[in-house]
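Structural overview for review
Letter by letter, the chains look like this.
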Amino acid sequence: MFKKILIANRGEIALRIVYACRELGIKTVAVHSEPDKDSLHVRFADEDVCIGPARSSESYLNISSVIAAAEITDTDAIHPGYGFLAESAAFAEVCKACKIKFIGPKPNVIATMGEKSKAREVARKAGVPVLPGSDGVVEELDAALVIAHEIGFPVIVKASAGGGGRGMRIAQDAKELARVFPVAREESRAAFSIPDVYIEKYLPNPRHIEFQILADEKGNMIHLGERECSIQRRHQKVIEEAPSTALSADLRRRMAEAAIKTARAVKYENAGTIEFLLQDGKFYFIEMNTRVQVEHPVTEMVTGVDIVKEQIRIAAGEKLSRKQEDIVIRGHSIECRINAEDPETFMPAPGLITTYHPPGGPGVRVDSAVHSDCRISPYYDSMVAKLITHGGNRDEAISRMRRSLDVMVVEGIKTSIPLQKKILSDPDFQKGNISTRFLERYVR
Amino acid sequence: MDSKELKDLMEYVSRSNFAEFELESEGLKLKLVKESAKTAGSVGAGMMPQTIYAMPFPQSQMAPMANPGPGPAPAAQKAGAAAHPQGTASGEIYQVTSPMVGTFYRSSNPTAPAYVEVGTMVKKGQAICIVEAMKLMNEIESEVAGEILEIPVANGQPVEYGEVLFRVRLTA
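Keep in mind that this is a model prediction, so the values were computed, not measured.

**Notes on the nonpolar core**
Counting 48 residues, the largest nonpolar core has Leu6, Ile78 and Phe91 of chain A together with Phe166 of chain B as its most contacted members. Taken together, the elements giving at least two residues each to this core come down to strand E2 (27-33), strand E3 (47-52), helix H3 (63-72) and helix H4 (89-97) of chain A together with strand E4 (93-97), strand E7 (127-133) and strand E11 (164-170) of chain B. Excluding residues that lie within four positions of it along the chain, Phe166 of chain B makes contacts with Tyr94, Gln95, Val96, Phe104, Val116, Ile128, Cys129, Ile148, Glu150, Ile151 and Pro152 of chain B. Formed by 33 residues, the second largest nonpolar core is a distinct cluster that contains Val364, Val384, Val410 and Ile434 of chain A.

Here it is, written out as structure tokens:
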């Protein structure tokens, strides 16, 4: 097992990793930017190193600084969390060259699955359904129009390097495609420095269902069931839950098999997530995330598996602690992302939190790195806390979430709590009658 | 400047089209930055998920003191001469800080003499130490001219970004 792990991240996920390391008896090194020097992940880690100024590109994204921090602290492994360097094949490669274990899959797997058009090909070749669309990248508008006519409108143009909804455009007809195709390429170039886009059939009313995979380095692979993340705005998830109300036992089994097949096709190692769209009983692979997800706690709540500890054990060369038949889904879990943002306009609202009171009681978990008198910095993402509840069934998980949102106090900044309350009291949400377009009734 | 003058100035700046306002006079340095100016451009850049670009190594340079960090908004920061020497006038103390995380070396190799000792007079642009990050030796040059007063870090010791490496008394 590792003696010391450096956490190349900040905020709640860095703290989450500190907790896992403490439970495993592993020393931790926090890295931080100048404005983050008083944050909780720094305070609760065993050692800390300032790696640069506020700007991420000069601190949390600066590979040489993170590696230098690992070297001066004599670290034997790095956990990248999510975001920042978590899906950087280059970073994983440098770790390997420096003989520091990267807690995640191999660099070439990150590279393959990180490029969406390639990942789609991997799934298709493994016999997993993908949405009708282009074979790989489309460079010319003429080719795009030919494919769109073959598969039928509406279509979606997606950035191959994409994420977070950038470089993504929907076209209802040929005229609109002619207009949005160059825009998507330009946006992709601006956001990811590569203009590559591909085309897929656009589903008007799908559900977003993803499967959590765990694989050790000895070829054992299991899944921890699904998460439903249909409540999203502009491809940013707002509420996640496990299990999904949309899956029959048979559909769940078929989707899980497809997820495992896709992950096996690239000899996947460590924790990963296979994302699908589901509409009218049919499911389609859309992408894979080669890291721990923000919403991993709902899976932990219903399976009892500590995903972050599993990641560390797997990277240390241990066998998976459980077999597929040991995984039993118990009850229901929901996660609400509480962000520092205007609940009406979704504009980020950084500032000083004057009062903070997290809810508690049975079946409630709060993953957060904020406290009273702490500043939500404009330099990083706007997440304040992840509020997670667990209940014997979905109704109990919902009522626990509603009473938790009612007593959660975050003063000094605007948060998304009012929006979360509206969603949780919506009769359609309560019936599980949701899709990725659900939020359009509340926000544009 | 008394508190009323300061308040008037802040009001004037907040009504104006200026994004930033700086004033320096008689040992007082004042910088006003509008919140809208600070957040524009930075919000989004740090949001996840994001694509990663390999970053070049930071250039050999001095990190100036009195770095305007993310202060309260609207940021009215008084960078007083006592707290953060700006290092403009002769006789003042200038702190040379590490521009990167790494290992501090006082000489170019184990057998070579140290670049500088306490008491050495340095010129602007003179190499004064090395910070090694990922096997790369980054030669650090002095941004100021003056006398080395103190070297708080020992040879071979790890240093963080922003850690004080030298205190220099400035010469004109």
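**As for the pattern of salt bridges**
All names here are of chain A. Tallying each qualifying case throughout the model produces 43 salt bridges over all chains. Here Arg169 ties to Glu187 by a salt bridge, and the two come within 2.8 Å at their closest N and O atoms. Taken as a pair, Arg169 in strand E7 (residues 169-171) and Glu187 in helix H8 (residues 174-192) lie far apart in primary sequence, 18 residues in all. Residue classification places Glu187 among the partly exposed positions, given a relative accessible area of 23%. Between Glu226 and Arg252 there is a salt bridge, with its nearest N and O atoms 2.8 Å apart. On the criterion of sequence distance, the pair formed by Glu226 in strand E10 (residues 221-233) and Arg252 in helix H9 (residues 249-265) is long-range, its members being 26 residues apart. The network of salt bridges with shared partners includes Glu210, Arg227, Lys237, Glu240, Glu275, Glu295 and Arg337.

**Some remarks on helix H1 (residues 11-24) of chain A**
Residues and elements named next belong to chain A. In this model, H1 (14 residues) spans 21 Å end to end at C-alpha, consistent with the 20 Å of a helix rising 1.5 Å per residue. Burial in H1 covers these residues: Gly11, Glu12, Ile13, Ala14, Leu15, Arg16, Ile17, Val18, Ala20 and Cys21. Looking one or two residues past H1, Gly25 carries a phi angle of roughly 75 degrees, positive in sign.

**Overview of the state of the cysteines**
Residues and elements named next belong to chain A. Considering all chains together, one arrives at zero disulfides over all chains under this definition. Cys95 forms no disulfide, and the closest cysteine sulfur to it belongs to Cys98, at a distance of 7.2 Å. A relative accessible area of 0% places Cys95 in the buried class. Free cysteine: Cys336, not disulfide-bonded; nearest cysteine sulfur from Cys229 at 12 Å. A relative accessible area of 0% places Cys336 in the buried class.

Rules used in this analysis
Residues numbered from 1 in each chain as written. Chains lettered and ligands numbered in written order. Predicted model: local features only at pLDDT ≥ 70, side-chain atom pairs only at ≥ 80, totals over all residues. Heavy atoms only, no water. Core = buried A, V, L, I, M, F, W, Y, C linked by side-chain atoms within 4.5 Å. Buried < 20%, exposed > 50% of the residue type's maximum accessible area, 1.4 Å probe, protein only. Helix = DSSP H or I, 4+ residues; strand = E, 2+ residues; numbered from the N terminus. Contact = heavy atoms within 4.5 Å. Salt bridge = Lys/Arg side-chain N within 4 Å of Asp/Glu carboxyl O. Expected span 1.5 Å × (residues − 1). Disulfide = S-S within 2.5 Å.

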